[in-house]
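Residues per chain are reported as follows:
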Amino acid sequence: MKKFVMAAVAGTVAGVVATTQIAGPLLAQEAEKTTNVYEQLDLFGDIFERIRAQYVEDVEPGDLIEAAINGMLTSLDPHSSYLSPKDAEKMREQTRGEFGGLGIEVTQEEGFVKVVSPIDETPAAEAGIEAGDFITHVDGESLLGLGLDDAVEMMRGPVGSEIIITVVREGEPEPFDVSIVRDTIQLTAVRARTVGQTAVLRLTTFNEQTYPKMKEGLEEQIEDAGGIENINGIVIDMRNNPGGLLNQAIAVSDAFLEEGEIVSTRGRDIEDGDRVNATPGDLAMGKPIVVLINGGSASASEIVAGALQDHRRAIVIGTKSFGKGSVQTVMPLRGDGAMRLTTARYYTPSGRSIQALGVSPDIVVAQPPAAPETEEDEALSARPLRSEADLRGRLNNDSLTDDQIKQIEDDREKARIAAELREEDYQLAYAIDILKGLSALGPNE
């Protein structure tokens, strides 16, 4: 009994020693961290007071606090930031699909503003601004060293006013100035049309209108064609689509998937992860799909492209996408402001992250630059081409009926229109050609 008591006491003493050796240093480390945080907050207070008292000009204390908060957030990554009450309202307007500005989605890289993509039919797009351009100056003032929100604020202004931005573009030997007149940006989230037998869905952004407008536009094209059997496939054109709302990207992906994972998100803690699966129903009714992307396709558009690609539901063509694989949560703050904070990374159904890598197309197709036409080229294109049918006294074709000849002529006219499209938009024409080829290989009915 005495040995048992002694063993128990010895075990207790060992447990106390072990607990002290492990927990003691940990508690000390936590206490030290807390002390350091409070010391740094005291340092912040000292600097704040010195600026107020000794800076060469009077400074609004509220502006200093806002700048400090924004600096703390922007130091994390390019997509986290503080939104003042005015900026938070502008963001809500943009989400609804209407706002004032130039019409470009931007990020920050190497201290300069980088264009993620120009928005279709906006002043920036019409002025020739391209994805990948760097904006270094606004009205002659350098943007180097400014936070992204401050740089964006410099580009804002009254509708109808002129702004001159200095652009650095890869392949151009010197920076150049571009004059743009600010305008109210009306975002048309989706434009639908039919080219030949192909339904083309142009998705320009992911706001609250995107999924319902896409569904409505596709249904209209199918109805105008006389039924889905007269459509050979669908092109989802997301070139220069800067992204937007995650729930809209999920809805668009789900529209063409019957089952399986669409996207998963993973935060810092395992329990913060989420996984979204498709529900039954395919708006395309099994018809083949081609997705068009380029370097201006970012965020939500990459979610759609990645989901359809991983499920082998679509062929992705174009060039590598932007590579924004993170999720931002907008958190309201007191005083009507908000905080945009990166809270998770997202992953495609196969488990791959596209962060900084982008979605790689199945078929790489670059958009060739428009070559200026010479006077000789114009003369050649204007010269009429002669064929056997133009020759006087030529023989008639006796193997075809008039209806068959008319069908051939109609097909030839469609081919001519397709050739014109290649001159206008080579990537889109390539996508349509792929769908023509797939339908030609399909079963005869």
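Being a predicted model, the structure only gives us computed values, none of them experimental.

Examining the packing of aromatic side chains
Taken as a whole and judged by the stated rule, the model has two aromatic pairs. Residues Phe44 and Phe48 carry aromatic rings whose centres are separated by 6.4 Å and whose planes lie at 15° to one another, so their mutual orientation is stacked. Taken as a pair, Phe44 and Phe48 lie in helix 1 (residues 2–54) at a separation of four residues, close to a single helical turn. Relative accessible area serves as the criterion here: at 15%, Phe48 is assigned to the buried category. The ring of Tyr347 carries the charged tip of Arg266 above its face, separated from the ring centre by 3.7 Å.

Focus: the nonpolar core
Ranked by size, the top nonpolar core spans 41 residues in total, and within it Leu203, Met214, Ile234, Ile236, Phe256 and Val291 carry the most contacts. A total of six residues in this core trace back to one element, the largest contributor, which is helix 8 (residues 300–310). Counting 19 residues, the second largest nonpolar core, distinct from the first, contains Leu102, Ala124, Val152 and Ile165.

Quick look at the pairing of strand 7 (residues 162–168)
Relative to strand 7, strand 5 (residues 134–138) runs antiparallel, the two sharing four bridges. When the sheet's bridge partners are listed, Val138 is paired in strand 7 with Ile165. Note that strand 7 and strand 8 (residues 176–181) share six bridges and pair antiparallel. Paired with Ile165 across the bridge in strand 8 is Val178.

Section: the packing of helix 7 (residues 246–254) against helix 8
Contact pair helix 7 / helix 8: the axes reach a minimum separation of 9 Å and the direction vectors enclose 25°. The angle between helix 7 and helix 8 places the two elements in the roughly parallel class. For helix 7 against helix 8, the interelement crossing comes out right-handed. Only Ala300, Ile303, Val304, Ala307 and Leu308 of helix 8 make contact with helix 7, whose side of the interface consists of Leu246, Ala249, Val252 and Ser253.

Thresholds, definitions, all that
- Residues numbered from 1 in each chain as written.
- Predicted model: local features only at pLDDT ≥ 70, side-chain atom pairs only at ≥ 80, totals over all residues.
- Heavy atoms only, no water.
- Phe/Tyr/Trp six-rings, centres within 6.5 Å; stacked < 30°, edge-to-face > 60°.
- Helix = DSSP H or I, 4+ residues; strand = E, 2+ residues; numbered from the N terminus.
- Buried < 20%, exposed > 50% of the residue type's maximum accessible area, 1.4 Å probe, protein only.
- Lys NZ or Arg CZ within 6 Å of the ring centre and 35° of its normal.
- Core = buried A, V, L, I, M, F, W, Y, C linked by side-chain atoms within 4.5 Å.
- Pairing = 2+ DSSP bridges.
- Axes fitted to C-alpha atoms, helices over the stretch in contact; angles between N-to-C directions.
- Parallel < 35°, antiparallel > 145°, perpendicular 65-115°, else oblique.
- Left-handed = near helix turned anticlockwise from the far one by under 90°.
- Contact = heavy atoms within 4.5 Å.

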